[in-house]
Amino acid sequence: MVTNFSRDMHTIEKCENMKSCSKSVERNMDSSGQAYNQMQPAVSVRNAFKQYGSKSKPNPVLLNLNMTVAKGTIYGLLGASGCGKTTLLSCIVNRRKLDSGKIWILGGESGTKDVGAPGKRVGYMPQELALYGEFTIKETMLYFGWIFGMKTNKIYERLQFLLDFLDLPSQNRFIKNLSGGQQRRVSFAVALLHDPDLLILDEPTVGVDPLLRQNIWNHLSHLSKTAQKTIIITTHYIEEARQAHMIGLMRSGRFLAEESPQTLMAMYSCTNLESIFLKLSRKQGTSNEVSELNISSSSGFRNKLDAPVYISQDSGVIGLNFYQSKEVLITSSNNNQSSFGLNGSISALVPNLRDIQFDDFSEEKSMNKVTFRRKQRALLKKNFLRIWRNLPILLFCFLAPIVQIVIFCLAIGRDPHGLTLAIANMEVNGTECNFEPGCHFQRLSCRYLSLLNPSYLRQYHNDSESAIEAVKTGQAWAAIYFNANFSVAMVGRMLLGRTASDEVLDQSEIQMWFDLSNQQISSLMNRDIQMTYLDFSQGLLKDCDNNPKLGNVPIRTNEPIYGSSTSTFTDFAVPGIVLTIIFFLAVALTATTLIVERAEGLWDRSWVAGVSSSEILFSQVITQFVAMCGQTALVLIFVLVVFRISCIGSTFLAIGITLLQGMNGMCFGFLISAICETEHSAFPLAIGSFYPIMLLSGVVWPIEGMPLILRYISYFLPLTQATTAFRSVLARGWGLCEPEVYLGYISTVSWIILFLVITLVVLKYKRM
């Protein structure tokens, strides 16, 4: 019987894929018809290599490592920080990929379809907390339970058990309000929630009192014994690993030993595991041949299988295989009968061959397929609760766009008030004067000044030099000068016409000096002064019963085809500003979303639970889109209703392009979040892109005023075509059939697709 057993074990060991071994095992089955599901390891790692860094400066983490975790056992993975434990566990759950080597888990190759890992067959507790602080304990269990495909009533049932077992507080307590030890216990409860086949626990007993720690180990032993659950556990307390069936002592990416604790202590005549670990570490440090310490790394994969180790439920060692034992079998000690031995029967092994995991996965497949809708339910609830319960983010979502658009419409595009004008009117010796309406030609300078914009602050000076000095010293923005003979010269100019002398023409002029350091103010003042002269001449002609049109400049400006003759800079800039606000608010909201989830371990834990990167991204898109609808509604209400910016075209087209630009910014933010590792690197990238995109997209200045090279660059930016389309809808009333409008839509949709595709590629690459 031993010979047959060994031959079957050789068959499994030589198969490269665990599923392909089923026929070989069936052919070698003994006459009793009993199976060997215990022969199949729950986790098998062979020739594992993994390194970080560049090829020129590699940082090896796993070095030709072999590992075997038998089904229904507790495996203690021990080693110092940085020895590769976390990387090994990440590779086992397919969160990272090996550079070379193979991993089989739960009857199939890691990462293959329908293995169930990542998925509901694995319970994963990472070293970091990896919980949502804004959730209550109940909401945490509901979130992960729905991801695992559990029914709500089953989740509540398990929740009550775990609350009692782990001595947790009220289910309505927020995670962020729990103590560190309570948070660790909630994290442990999440791993136990769905009763997985494989438990991977990274230091579950840290911060737990000794009594509860022993209860946890008793429960794990119960799971492995009665429910045939497989448990891989790392622990800060090395001596508590004595309760494991098998331990792997790991150092510098290799195993110093992989054996039962009792065997190791017997072999090295030590009373504690810590002394054994120190001895093996010294031996590895002084040995010239790694094979003396880790047989798996000496010559690659061994074709000859060592005799397996048999461990009874009371941890009694029956067989012995030091270093890299390939299989560990549990034997029953009930009724003082050994389940295997030289005179034993293989029929004692349970269950039979039809239960072997790689034999038939049809039923398991249907159980592992959690619907997309149920996962999204959990993810969307998590996303919305995180926004709703985070007041700064909530205010940023809905108050920031209102504040920004109100500030813009109130501060930009309006005529400046309170500007100082230095006046040197020699007709009245530099003093303030009044004029009487009617057809008379005295004090025409006073008539002119009475028509000037009343918002100007007037300073009167006795001569032109002092008025000019006021501008030089910054006391006034412009100086205006009237000759002492201004009225007489003006009459002569009108009567004499072309025969008027140069002296008459000079004295009838209104002379101006501007401070052009602020071109916007000077241009506005120049506009007012010229428009005032038009009103002055037309009013004088009208009072004297002449046709006022004689005072017009002989250039006729008709009603504009698009826009209004009273249009301001606000009307020009509002379309671009609205899109810029929506775009970069979305960038700000999403630029750190994925970073925060990765940093807290939330991403990894959800991924191991069976949620793909695309599903996480999709849920974030839906969440941000809903928030964006609210932002868009608020912004457009303030722009179109409160500040009465005219919209000649379709309001639906205006809403559509605004929403699409919000999605565009959201996808750009996700790309930043995927590329950057920390918030410190994401914020400069997001903020640094603001001004170049805004300035080159025709938001504050027409792109026709840019150099040719910049103009070509501008055409391919995310906001340029959309701003032109939005402006055409508002001011021109154009529809979707016009090229400038539909090109804005096409450009925006293209950028959205491009950002999403690159984000998914980056996320897939970062998982490796």
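Residues numbered from 1 in each chain as written. Predicted model: local features only at pLDDT ≥ 70, side-chain atom pairs only at ≥ 80, totals over all residues. Heavy atoms only, no water.

Draft legend 1. Highlighting the nonpolar core. In this structure, Met67, Leu88, Ile92, Leu220 and Ile232 are the most contacted members of the largest nonpolar core, which totals 155 residues. Sequence-distant contacts of Leu88, that is, excluding residues within four places in its chain, are made with Val45, Leu62, Leu65, Met67, Leu77, Met250 and Phe255. Among the nonpolar cores identified, the runner-up in size contains 19 residues, and Leu444, Leu449, Leu452 and Ile521 belong to it. (Core = buried A, V, L, I, M, F, W, Y, C linked by side-chain atoms within 4.5 Å. Buried < 20%, exposed > 50% of the residue type's maximum accessible area, 1.4 Å probe, protein only. Contact = heavy atoms within 4.5 Å.)

Draft legend 2. Here's a closer look at the pattern of salt bridges. Inspection of every chain in the model, using the stated rule, returns 14 salt bridges. The residue Lys102 makes a salt bridge to Glu109 at a minimum N-O spacing of 3.0 Å. Three or more residues joined by partner-sharing salt bridges are found here, namely Arg121, Asp195, Asp197 and Lys229. (Salt bridge = Lys/Arg side-chain N within 4 Å of Asp/Glu carboxyl O.)

Draft legend 3. Up close: the state of the cysteines. All chains considered together, the criterion is met by 2 disulfides. The disulfide bridge from Cys433 ends at Cys446, spanning 1.9 Å between sulfur atoms. Judged by the sign of its S-S torsion, about -120°, the cystine formed by Cys433 and Cys446 is left-handed. One end of the pair, Cys433, is in the loop between strand S13 (420-425) and helix H14 (444-450); the other, Cys446, is in helix H14, with 13 residues separating them in the sequence. As far as burial versus exposure is concerned, Cys433 and Cys446 are alike and both buried. If you count the bonded cysteines of the protein from the N-terminus, they pair up as 1-3, 2-4. (Disulfide = S-S within 2.5 Å. Helix = DSSP H or I, 4+ residues; strand = E, 2+ residues; numbered from the N terminus.)

Draft legend 4. Structural context of the pairing of strand S6 (residues 122-125). Where burial is concerned, the two faces of S6 agree: the one with Val122 and Tyr124 and the one with Gly123 and Met125 are both buried. Sheet topology places S6 next to strand S7 (residues 198-202); 4 bridges connect them, and they run parallel. Looking at the pairing, Val122 lines up with Leu198 of S7. (Pairing = 2+ DSSP bridges.)

Draft legend 5. Focus on the packing of aromatic side chains. Evaluated as defined, the whole model comprises 18 aromatic pairs. Among the aromatic residues, those joined into a cluster by ring pairs are Phe583, Phe584, Phe668, Phe690, Tyr691, Trp751 and Phe755. The residue whose ring lies beneath Lys176 is Phe174, and the NZ or CZ to ring-centre distance is 5.9 Å. The ring of Phe572 has Arg727 sitting right over it, with the charged end atom 4.1 Å from the ring centre. (Phe/Tyr/Trp six-rings, centres within 6.5 Å; stacked < 30°, edge-to-face > 60°. Lys NZ or Arg CZ within 6 Å of the ring centre and 35° of its normal.)

Draft legend 6. Quick look at the packing of helix H13 (residues 400-411) against helix H19 (residues 569-590). Contact pair H13 / H19: the axes reach a minimum separation of 11 Å and the direction vectors enclose 160°. Judged by the angle between their axes, H13 and H19 are roughly antiparallel. Between H13 and H19 lies a crossing of right-handed hand. On the side of H13, the interface is formed by Ala400, Pro401, Gln404, Ile405, Phe408 and Cys409, while H19 contributes Thr570, Ala573, Val574, Ile577, Val578, Ile581 and Leu585. A breakdown of the residues in the contact of H13 with H19 according to their chemical character gives 11 nonpolar, 2 polar and no charged. (Axes fitted to C-alpha atoms, helices over the stretch in contact; angles between N-to-C directions. Parallel < 35°, antiparallel > 145°, perpendicular 65-115°, else oblique. Left-handed = near helix turned anticlockwise from the far one by under 90°. Nonpolar A, V, L, I, M, F, W, Y, C, P; charged D, E, K, R; others polar.)

Draft legend 7. Quick look at unusual backbone geometry. Located in the positive-phi region is Asp195, a residue other than glycine, with phi close to 55°. Structurally, Asp195 can be placed in the loop between helix H6 (180-192) and S7. Phi at Glu203 is positive, roughly 55°, even though this residue is not glycine. Relative to the helices and strands, Glu203 is located in the loop between S7 and helix H7 (210-226).

Draft legend 8. Layout of a negative patch on the surface. The grouping of Asp502, Glu503, Asp506 and Glu509 at the surface amounts to a negative patch. If you trace the backbone, Asp506 turns up in helix H17 (residues 502-507). According to the relative accessible area criterion, Asp506 is partly exposed, its value standing at 45%. (Patch = residues over 30% accessible without salt bridge, like charges linked within 9 Å, V, L, I, M, F, W, Y side chains within 5 Å. Areas by Shrake-Rupley, 256 points an atom, 1.4 Å probe, with all protein chains shown as cover. Lys, Arg positive; Asp, Glu negative; His and termini not counted. Charge placed at Lys NZ, Arg CZ, Asp CG, Glu CD.)

Draft legend 9. Local environment of the side chain of Asn664. Turning to its location among the elements, Asn664 is positioned in helix H23 (residues 651-675). On the basis of relative accessibility, which here comes to 0%, the residue Asn664 falls in the buried class. With residues near it in sequence (within four places) discarded, Asn664 still touches Phe583, Pro718, Thr748, Trp751, Ile752 and Phe755.

Draft legend 10. Region of interest: a positive patch on the surface. Together, Lys151, Arg373, Arg374, Arg377 and Lys381 make up a positively charged patch on the protein surface. Locating Arg373 in the fold gives a position in helix H11 (residues 372-388). With a relative accessible area of 72%, Arg373 lands in the exposed category.

Draft legend 11. Representation of helix H5 (residues 152-165). Taking 1.5 Å of rise per residue, the 14 residues of H5 would be expected to cover 20 Å, and the 20 Å separating its terminal C-alpha atoms lies within 8% of that figure. Among the residues making up H5, those that are buried are Ile155, Arg158, Leu159, Leu162, Leu163 and Phe165. Angular distribution of buried residues about the axis of H5 spans 160°; they occupy a single face of the element. Away from its buried face by more than 90 degrees, H5 exposes Asn153, Glu157 and Asp164. Contact partners of the buried residues in H5: helix H4 (137-147), H6 and H7. Two residues or fewer past H5, Asp167 is found with a positive phi of approximately 55°. (Expected span 1.5 Å × (residues − 1). Arc of directions from axis to C-beta.)

Draft legend 12. Local environment of the sheet that holds strand S8 (residues 230-234). Strand order across the open sheet formed by 6 strands is S6-S7-S8-S3-S9-S10, with mixed pairing between neighbours. Either end of the sheet is taken by a strand with one partner, and the two such strands are S6 and strand S10 (254-259). Neighbour to neighbour, the strand axes of the sheet diverge by 15° on average, direction disregarded. Sheet contacts for H7: strand S3 (74-79), S7 and S8; angle to S8, the most-contacted strand, approximately 150°.

Draft legend 13. Spotlight on the pairing of strand S14 (residues 457-460). Across 4 bridges, S13 lies against S14 in parallel orientation. Residue pairing across strands places Thr420 opposite Leu457, the latter belonging to S14. Crossover connection from S13 via H14 to parallel S14: handedness right-handed. (Right-handed = clockwise from strand over helix to strand, strands pointing away.)

Draft legend 14. Fine view of the environment of Gln160. Structurally, the position occupied by Gln160 is in helix H5. Here Gln171 takes part through its side chain, which lies 3.4 Å from a polar atom of the side chain of Gln160. (Polar contact = N/O pair within 3.5 Å; in protein donor to acceptor, adjacent residues only side chain to side chain.)

Draft legend 15. Just the environment of Ala591, in detail. By secondary structure assignment, the location of Ala591 is in the loop between H19 and helix H20 (593-599). Separated by 79 residues in sequence, Ala591 and Phe670 place their C-alpha atoms 5.7 Å apart. When residues no more than four places from it in sequence are discounted, the contact partners of Ala591 are Gly669, Ile672, Ser673, Ala682 and Ala686.

Draft legend 16. Region of interest: the packing of H6 against H7. Across the interface, H6 lies against H7 with an axial gap of 14 Å and an inter-helix angle of 10°. Accordingly, the angle class assigned to the pair H6 and H7 is roughly parallel. Contact residues: Arg185, Phe188 and Leu192 in H6; Leu212, Ile216, His219, Leu220 and Leu223 in H7.

Draft legend 17. Representation of the side chain of Ser445 in the model. Residue position: Ser445 is located in helix H14. We classify Ser445 as buried; its relative accessible area is 0%. Here Ser445 is in contact with Asn425, Glu427, Phe482, Phe486 and Ser487, once residues within four sequence places are set aside.

Draft legend 18. Structural view of the sheet that holds strand S5 (residues 108-109). The strand order S2-S1-S4-S5 describes an open sheet built from 4 strands, whose pairing is antiparallel. Strand pairing shows two members of the sheet lacking a second neighbour, strand S2 (58-70) and S5, which therefore form its edges. With 9 bridges connecting them, strand S1 (residues 41-53) and S2 associate as antiparallel partners. Within S2, the position partnered with Val45 by the bridge is Met67.

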